[in-house]
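Residues per chain are reported as follows:
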Amino acid sequence: MTAPAPAPGTSPPALAVPAVRLPRRRGVELALLVGAVLIPVYGYCAVGLAHDGAVPPGAAGYGAALGGLALVAHLAVRLRAPYADPLLLPIGVLLNGLGLVLIYRLDLETADAAAPAQLIWSGLGVALFTAVVLLLRDYRTLARYAYLGVVAALVLMIAPSCFPAVNGARIWIRVAGLSLQPGEFAKVLLAVFFAAYLADNRAALAYAGRRVWRFRRLQLPTGRVLGPVLAVWTISLGVLVVERDLGTSLLFFGLFVILLYVASGRTGWIAIGLLLSAAGAFLVGTLEPHVHSRVADWLHPFASIEAGQGPGQLAQSLFAFSAGGLLGTGLGEGHSILIGFAAKSDFILATAGEELGLTGLTALFLLYGLLVARGHRAGLAIREPFGRLLAVGLASIVALQVFVIAGGVTDLIPLTGMAMPFLAQGGSSVVTNWVIVALLILLSDTARRPLPGPDAGRSATGNATGGADAW
């Protein structure tokens, strides 16, 4: 018996969406975590075999520590964010583990042992990751404290100016033998502020204000709307220029432009951002001696060799990449320690390039690209504007960091002091990156979680939670 046809002039009844439960994929995450732990343990053993001809005595302890951290993080996600993206946590664990292997490999050539300290910082980062996942019940709570957060970010950026410069930049706070880089924490706070403010004023950003002369499609927001954001950005940029931390300045400016574009949907902001960044780079690179020397090294990386003074850091980095070739020299078989004091921090990617080759570098960049892509996908799936902007902003922080440091050590752009996410030595960096992963996990959980009530059977993407929504 067929259903009666609808009366003329009326619409057919809406079809009921079956409440199909979306796969949580926590088992997939756990399986990936096993591989994410075993790969660094294998690398750790390979370094010892290449350098000493024997498996390092601490291999079992290293594997147990990394596996324990991964298990704690997994249990927190399973408990509080069961619908989170199953790839985010394994990628973070794998990158963190590979960073520990590279730092340990360089420790064998130096007097200081940075790998144990980095493992402790990694444990602190995972502990903070667990706290964020367990205690932050709703990420939208962060929007309420956006202005308090931006004040804290400015304080964090100003604080290093009271301490002596390190390698030409005032970006560190050193107290009782401990060193912190407050700018790493400030970038997350600024991302929250930009996301909250732009979400509240997205309509005015897109439609209000005057049109730029002869550019009908470019419409500037009113000063009342854009003024506070520009003021915060200008203050932060000015502080960072005074401290000679141009890498973080570029990061904050890129984050500002990306979120402004996402909030307004106007491509003209990209063009304005590129023009302003080019003008700022030219002025600072010309007038500031420390930055000017970086630009000179970028333009002439082999100038010191031609002058008979031997290769500088950038030249040694290029030699390391060249020696790596396609498959690399093998873990423990390279000579990137010749780069000098920054081999474990700014130039750690050169060690990966020499000992893992182009193949290993490609794998690392694919991991970073996948982390950024999943963060952006979570942002696109969230219908709430603050969550969408926050996810895009956090993922863009990782993308900009990778571009700036990778471009610098390969002589694509002038070198700026930044830490490669998870890989480079630096406690502040690894802790902050774990916070970023925690927030992305909460955001992806919101994006994939079925909505309660009448929308049961649909996820936050607005689609039915059937097999098609398997990401």
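Residues numbered from 1 in each chain as written. Predicted model: local features only at pLDDT ≥ 70, side-chain atom pairs only at ≥ 80, totals over all residues. Heavy atoms only, no water.

A. Local environment of the overall build of the protein. Counting its secondary structure elements, the protein contains 17 helices and four strands. Across the 471 residues of the protein, 49% fall into the buried class. Surface summary for the protein: the accessible area is close to 21600 Å², and the carbon and sulfur share equals 68%. (Helix = DSSP H or I, 4+ residues; strand = E, 2+ residues; numbered from the N terminus. Buried < 20%, exposed > 50% of the residue type's maximum accessible area, 1.4 Å probe, protein only. Areas by Shrake-Rupley, 256 points an atom, 1.4 Å probe, with all protein chains shown as cover.)

B. Representation of the pattern of salt bridges in the model. Within the structure shown, the criterion is met by nine salt bridges. Put simply, Asp85 and Arg374 hold a salt bridge, and the shortest N to O gap is 2.7 Å. Here Asp85, found in the loop between helix H2 (59–80) and helix H3 (88–107), pairs with Arg374, found in helix H15 (residues 348–381); they are 289 residues apart in sequence, far enough to count as distant. Note that Arg105 is salt-bridged to Glu109, the shortest N-O span being 3.3 Å. Through salt bridges with shared partners, one network takes in Arg105, Glu109 and Glu355. (Salt bridge = Lys/Arg side-chain N within 4 Å of Asp/Glu carboxyl O.)

C. Molecular detail of unusual backbone geometry. Positive phi, close to 70°, is recorded for Asp411, a residue that is not glycine. Along the polypeptide, Asp411 turns up in the loop between helix H16 (385–409) and helix H17 (427–448).

D. Quick peek at the environment of Ser277. As for its position among the elements, Ser277 is in helix H11 (residues 268–287). Separated by 23 residues in sequence, Ser277 and Gly254 have C-alpha atoms that sit 8.7 Å apart.

E. Looking closely at the side chain of Arg26. Along the chain, the position of Arg26 falls in helix H1 (residues 26–52). A relative accessible area of 4% means that Arg26 is categorised as buried. In this structure the side chain of Arg26 is engaged in a polar contact, spanning 2.9 Å, whose partner is the backbone oxygen of Arg24. A polar side-chain atom of Arg26 sits 3.0 Å from a polar atom in the side chain of Glu29. Setting aside residues up to four positions removed in sequence, Arg26 forms contacts with His74, Val77, Arg78, Ala81, Pro82, Tyr83, Ala84, Asp85 and Pro86. (Polar contact = N/O pair within 3.5 Å; in protein donor to acceptor, adjacent residues only side chain to side chain. Contact = heavy atoms within 4.5 Å.)

F. Seen up close, the confidence of the model for the protein. Mean pLDDT over the protein works out to 82, with 79% of the residues at or above the 70 mark. Of the regions scoring below 50 in pLDDT, residues 11–20 engages in 10 contacts with residues more than four places distant in sequence or in other chains. pLDDT under 50 marks residues 461–470. Its contacts with residues more than four places away, or in other chains, come to 24 contacts. (pLDDT = per-residue confidence, 0-100.)

G. Looking closely at the packing of aromatic side chains. Scanning the entire structure with this criterion turns up 10 aromatic pairs. Pairing Tyr44 with Tyr104 gives two aromatic rings, centres 4.4 Å apart and planes at 25°, and the pair type is stacked. Placement of the pair is Tyr44 in helix H1 and Tyr104 in helix H3, with a sequence separation of 60 residues. The exposure class of Tyr44 is buried, given its relative accessible area of 11%. With centroids separated by 5.3 Å and ring planes inclined at 75°, the aromatic side chains of Phe422 and Trp434 adopt a geometry described as edge-to-face. With Phe422 in the loop between H16 and H17 and Trp434 in helix H17, this residue pair connects regions lying 12 residues apart in the sequence. Neither residue differs from the other here; Phe422 and Trp434 are each classed as buried. Three or more aromatic residues joined by ring pairs form one cluster here, namely Tyr147, Phe193, Phe194, Tyr197 and Phe256. (Phe/Tyr/Trp six-rings, centres within 6.5 Å; stacked < 30°, edge-to-face > 60°.)

H. Examining a nonpolar patch on the surface more closely. A surface patch of nonpolar side chains, about 310 Å² in accessible area, is lined by Tyr261, Val262, Ile270 and Leu274. Structurally, Val262 is set in helix H10 (residues 246–264). (Patch = residues over 30% accessible without salt bridge, like charges linked within 9 Å, V, L, I, M, F, W, Y side chains within 5 Å.)

I. The arrangement of the packing of helix H7 (residues 182–200) against H16 in detail. Orientation of H7 relative to H16, taken along the N-to-C sense of each, is 145°, at an axis distance of 8 Å. Remark: the crossing between H7 and H16 carries right-handed chirality. Residues Glu184, Lys187, Val188, Ala191, Val192, Ala195, Ala196, Leu198 and Ala199 of H7 pack against Pro385, Phe386, Leu389, Leu390, Leu394, Ile397 and Gln401 of H16. Among the residues making up the contact of H7 with H16, the classes are represented as 13 nonpolar, one polar and two charged. (Axes fitted to C-alpha atoms, helices over the stretch in contact; angles between N-to-C directions. Left-handed = near helix turned anticlockwise from the far one by under 90°. Nonpolar A, V, L, I, M, F, W, Y, C, P; charged D, E, K, R; others polar.)

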